[in-house]
Amino acid sequence: MSAALLVFAATNIASWQSPTLLTSMTLRVVMAASTGLIVVTALGLAVRLAPAERRARAVSTVVMGITASLVRAVPTGRAIAEHWEWTTIFPLNAALAVLVAGTVWTALPRTAPHAPVPLRRQLGLLANARTILGLTVTFLWLGGYAVLNTYLTPYLLGVVELDGEAVSLPLLLFGIASIVAYNSADS
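Residues numbered from 1 in each chain as written. Predicted model: local features only at pLDDT ≥ 70, side-chain atom pairs only at ≥ 80, totals over all residues. Heavy atoms only, no water.

Can you walk me through the nonpolar core in this structure?
When a protein is soluble and globular, its nonpolar side chains tend to lie buried together. Of all hydrophobic cores here, the largest spans 11 residues; its members are Ala4, Leu5, Phe8, Ala9, Met31, Ile38, Phe90, Ala94, Ala97, Ala101 and Val104. For this core, the secondary structure elements donating two or more residues are α1 (2–16), α2 (21–49) and α4 (89–107). The element that contributes the greatest number of residues to this core is α4, accounting for five residues. Ignoring any residue separated from it by four or fewer positions in sequence, one finds Ile38 in contact with Met1, Ala4, Leu5 and Phe8. With five residues, the next largest nonpolar core counts Ala42, Ala46, Ala50 and Ala58 among its residues. (Core = buried A, V, L, I, M, F, W, Y, C linked by side-chain atoms within 4.5 Å. Buried < 20%, exposed > 50% of the residue type's maximum accessible area, 1.4 Å probe, protein only. Helix = DSSP H or I, 4+ residues; strand = E, 2+ residues; numbered from the N terminus. Contact = heavy atoms within 4.5 Å.)

Have a look at this one:
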């Protein structure tokens, strides 16, 4: 997990200094892949480190942490972009990732790796309707959140005609509402 966090940090620094849009987009793909690895590793560690009777709660805590980080990061990033250059977010992301990588490295216990699961067995999970339903819900939840966040700021600026500094509050409120809705659906 620490290595993936350091890749995330490095791609943020490289994006900050990126000379072209193509380079920046390529770095974003690597950044996204490292983020996916961080999430999957965190979920796996939650299951491995928690006692059997608390594994579902541990996974739920990781998912809530991811959600809360999005809720806080989007309006914060917007406020930073409003006061400084939007590219300021990249070195800040990198610094936070290095800090978290160090914390993870020192705080989490070392675990022996599991034997690799053959690709055929992994793909076989897609034959299970419950697995497909769970993946679909997760995809729609995260995809919907990302799409709405992508278009909400331009809408608030262009249609609602909010001042740039005023956009962070609706983004935060939207994020809080998504946590409430997620928790209501989970109950």
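I tried to follow the layout of surface pockets on my own but got confused; where do I start?
Left-over empty space is what a probe sized like a water molecule reveals as it rolls over the atoms. By volume, the largest pocket amounts to about 2700 Å³. Taken together, 50 residues make up the lining of the largest pocket; nearest its centre are Thr35, Val39, Ile66, Ser69 and Leu70. At the level of elements, α1, α2, α3 (55–83), α4 and α6 (129–158) are the ones that each hand at least two residues to the lining of the largest pocket. For the lining of the largest pocket, the residue count by class is 33 nonpolar, 15 polar and two charged. (1 Å grid on protein atoms, 1.4 Å probe; cavity = no way out; pocket = protein on both sides within 12 Å on 5 of 7 lines; lining within 4 Å. Points joined across faces, edges and corners; volume = space filled by probe spheres on them. Nonpolar A, V, L, I, M, F, W, Y, C, P; charged D, E, K, R; others polar.)

Where do I start with α4 in this structure?
Since one α-helical turn is 3.6 residues long, residues separated by three or four positions face the same way. With 19 residues, α4 should cover 27 Å at 1.5 Å per step; its first-to-last C-alpha distance of 26 Å lies within 8% of that length. By the burial criterion, the buried members of α4 are Phe90, Ala94, Ala97, Ala101 and Val104. Taken end-on, α4 shows its buried residues confined to a sector of 90 degrees, consistent with a single buried face. For α4, the exposed residues set more than 90 degrees away from the buried face come down to Leu96, Leu99, Thr106 and Ala107. (Expected span 1.5 Å × (residues − 1). Arc of directions from axis to C-beta.)

Even after reading the chapter, I still don't get the packing of α3 against α6, so can you show me in this structure?
Packed helices, taken two at a time, are described by the angle between their axes plus the distance between the axes. Where α3 meets α6, the axes come as close as 12 Å, and the angle between the chain directions of the two elements is 15 degrees. Our classification of the angle between α3 and α6 gives roughly parallel. As for the relative orientation of α3 and α6, their crossing is right-handed in sense. On α6, the residues that touch Val63, Thr67, Leu70, Val71, Val74 and Arg78 of α3 are Trp141, Leu142, Tyr145, Asn149, Thr153 and Leu157. Grouping the amino acids of the contact of α3 with α6 by side-chain chemistry returns eight nonpolar, three polar and one charged. (Axes fitted to C-alpha atoms, helices over the stretch in contact; angles between N-to-C directions. Parallel < 35°, antiparallel > 145°, perpendicular 65-115°, else oblique. Left-handed = near helix turned anticlockwise from the far one by under 90°.)

None of this, on its own, says anything about what the molecule does.
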